[in-house]
Amino acid sequence: MKMLSVLCAALLAMLSAQEAPAQTVPFNAAGVSVKVANRIITQTYRNLNTQAGRLLAAVNALRVGGATEAELDAAQAQWRVTRVPWETSEGFLFGPVDAQGIDPLIDTWPLSTQDLQQFLAAGFTSTAAVLQAPENVQGFHTIEFLLFGDGVPTNDQPVAAISPQELAYVISTTAVFKQRTQLLETAWTTRFDPSNPASGPYARQLTVPGPTSVYGSQAAVIEELVNGLITILDEVGNGKIAAPLGANINSTDESLEESQFSYNSLTDFHNNVQSVLNVYSGQLGFKPRVNAISPTGNGLYTFVFAHNALLANQVLAAIVAAYDAIGLIDGDGNSNTTAIVRPNQITFRQAINDPGGRIRCQTAITALQTAQNLLATRVLPLIANTDFAL
């Protein structure tokens, strides 16, 4: 963090001294759109659908011959694994996930446990009932609550605590969840409009902009991608972290924490910024301390680099700083770890109620805002100064 801050300051000074007036830069965005649409976005949804199938299998195992502790542990572990591709998709919540209303059906929070208990008490436990259920009693966090318990004081309930109604419902809602991840994969690989068999994959909408696409130009594609990153950085900093944190230690609101039952919130936030790193670098799973970023990598970095190499690296440093700051919230001094597995780590819920943890949360919010502002005020305007090939 300290080294990155020094780097940012140096880059800012160099930018101030060296930046020339904006000039129009020729740029063919075909490489970026093809790489991001196919290798980042579509592959992420494929991964999500694959992991959702494994989650359904793990949950179904709970009803065969009576649920065991080992089976519950396996289902909990698979829930965490399935969470990874979903959270790393949140840097591009546009297209079918938005148009078909899938996002709120998969990931609405906070869960209304009161509504869920009333729903179960009424005997609504079938997949047909889930399909008619409100958004806040289905999807990731309903499954999380039913597998992990209420998160107070532990995130690991005994299997005997799961009632027959809850077991039936978690199986049904996971089955519906899997149907929806399949819709997302199909939309990006085969047919994005369910009512139009000839609509084709949504990836093609990005890779072939023009009269037959919802994106009229390469400029519109780049704008969509940049805005996707801005949106998730804003949501993590100003929503997911700031809302539960409150203005002071007496105004925290734990009910607003995203993955409060499993203690997975910090990992969620980390993976949200990972989605930004993936699109910006053009590499799925990009790790800044392991992988090299390249002007020919065909992420958004390539576009920014074509205009201003210093700015391209400044944006990267800001995103990495936000990633690191989130990783340090748990208090273990290791910016790469967020899974709560060691005694020297604290959960997000503990952090917002701890003076030191609150400082680290605010540091992360500031870092996220810095990255967001750079993209909004320095990168987005570059689009108007670009002579795109199409």
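What counts and how
- Residues numbered from 1 in each chain as written.
- Predicted model: local features only at pLDDT ≥ 70, side-chain atom pairs only at ≥ 80, totals over all residues.
- Heavy atoms only, no water.
- Helix = DSSP H or I, 4+ residues; strand = E, 2+ residues; numbered from the N terminus.
- Contact = heavy atoms within 4.5 Å.
- Expected span 1.5 Å × (residues − 1).
- Buried < 20%, exposed > 50% of the residue type's maximum accessible area, 1.4 Å probe, protein only.
- Polar contact = N/O pair within 3.5 Å; in protein donor to acceptor, adjacent residues only side chain to side chain.
- Phe/Tyr/Trp six-rings, centres within 6.5 Å; stacked < 30°, edge-to-face > 60°.

Asks: Mind laying out the environment of Gly 210, listing which residues take part and the relevant values?
Replies: Relative to the elements of secondary structure, Gly 210 occurs in the loop between helix H10 (202-207) and helix H11 (218-245). Counting along the chain gives 71 residues from Gly 210 to Ser 281, while the straight-line C-alpha distance between them is 25 Å. Apart from the residues within four sequence positions on either side, Gly 210 is in contact with Tyr 215, Gly 216 and Ser 217.

Asks: Pulling in residues and values, what's your account of helix H3 (residues 69-87)?
Replies: Taking 1.5 Å of rise per residue, the 19 residues of H3 would be expected to cover 27 Å, and the 27 Å separating its terminal C-alpha atoms lies within 8% of that figure. Taken as a whole, H3 has its buried residues at Leu 72, Ala 75, Gln 76, Gln 78, Trp 79, Thr 82, Arg 83, Pro 85, Trp 86 and Glu 87.

Asks: Account for the environment of Gln 76, with residues named and values stated.
Replies: Mapped onto the secondary structure, Gln 76 falls in helix H3. With 72 residues separating them along the chain, Gln 76 and Phe 148 place their C-alpha atoms 6.9 Å apart. Discounting chain neighbours no more than four positions away, the residues touching Gln 76 are Leu 147, Phe 148, Asn 155, Asp 156 and Gln 157. A polar side-chain atom of Gln 76 sits 3.4 Å from a polar atom in the side chain of Asp 156.

Asks: Explain helix H8 (residues 140-148) to me, and be specific about the residues and the numbers.
Replies: Counting buried residues in H8 gives 9 out of 9 residues, a clear majority hidden from the surface. Of all the residues in H8, the buried ones are Phe 140, His 141, Thr 142, Ile 143, Glu 144, Phe 145, Leu 146, Leu 147 and Phe 148. In this fold, the buried residues of H8 make contact with helix H2 (30-60), H3, helix H5 (102-107), helix H6 (113-121) and helix H9 (164-189). Positive phi appears at Gly 149, one or two residues downstream of H8, with a value of about 90 degrees.

Asks: Help me get a handle on the packing of aromatic side chains, residues and values and all.
Replies: By the definition in use, this model includes 18 aromatic pairs. On the numbers, 5.4 Å between centres and 70 degrees between planes, the contact of Phe 27 with Phe 303 is edge-to-face. Here Phe 27, found in strand E1 (residues 25-27), pairs with Phe 303, found in helix H13 (residues 300-307); they are 276 residues apart in sequence, far enough to count as distant. Residue Phe 27 is classed as buried on the basis of its relative accessible area of 11%. Relative accessible area serves as the criterion here: at 0%, Phe 303 is assigned to the buried category. Ring plane angle 35 degrees and centroid distance 5.7 Å describe the contact between Tyr 301 and Phe 305, whose orientation is recorded as tilted. Of this pair, Tyr 301 and Phe 305 are both found in helix H13, 4 residues apart, which corresponds to roughly one turn of the helix. Residue classification places Tyr 301 among the buried positions, given a relative accessible area of 4%. Ring pairing ties together the aromatic residues Tyr 45, Phe 92, Phe 94, Trp 188, Phe 192, Tyr 202 and Tyr 215, which thus form one cluster.

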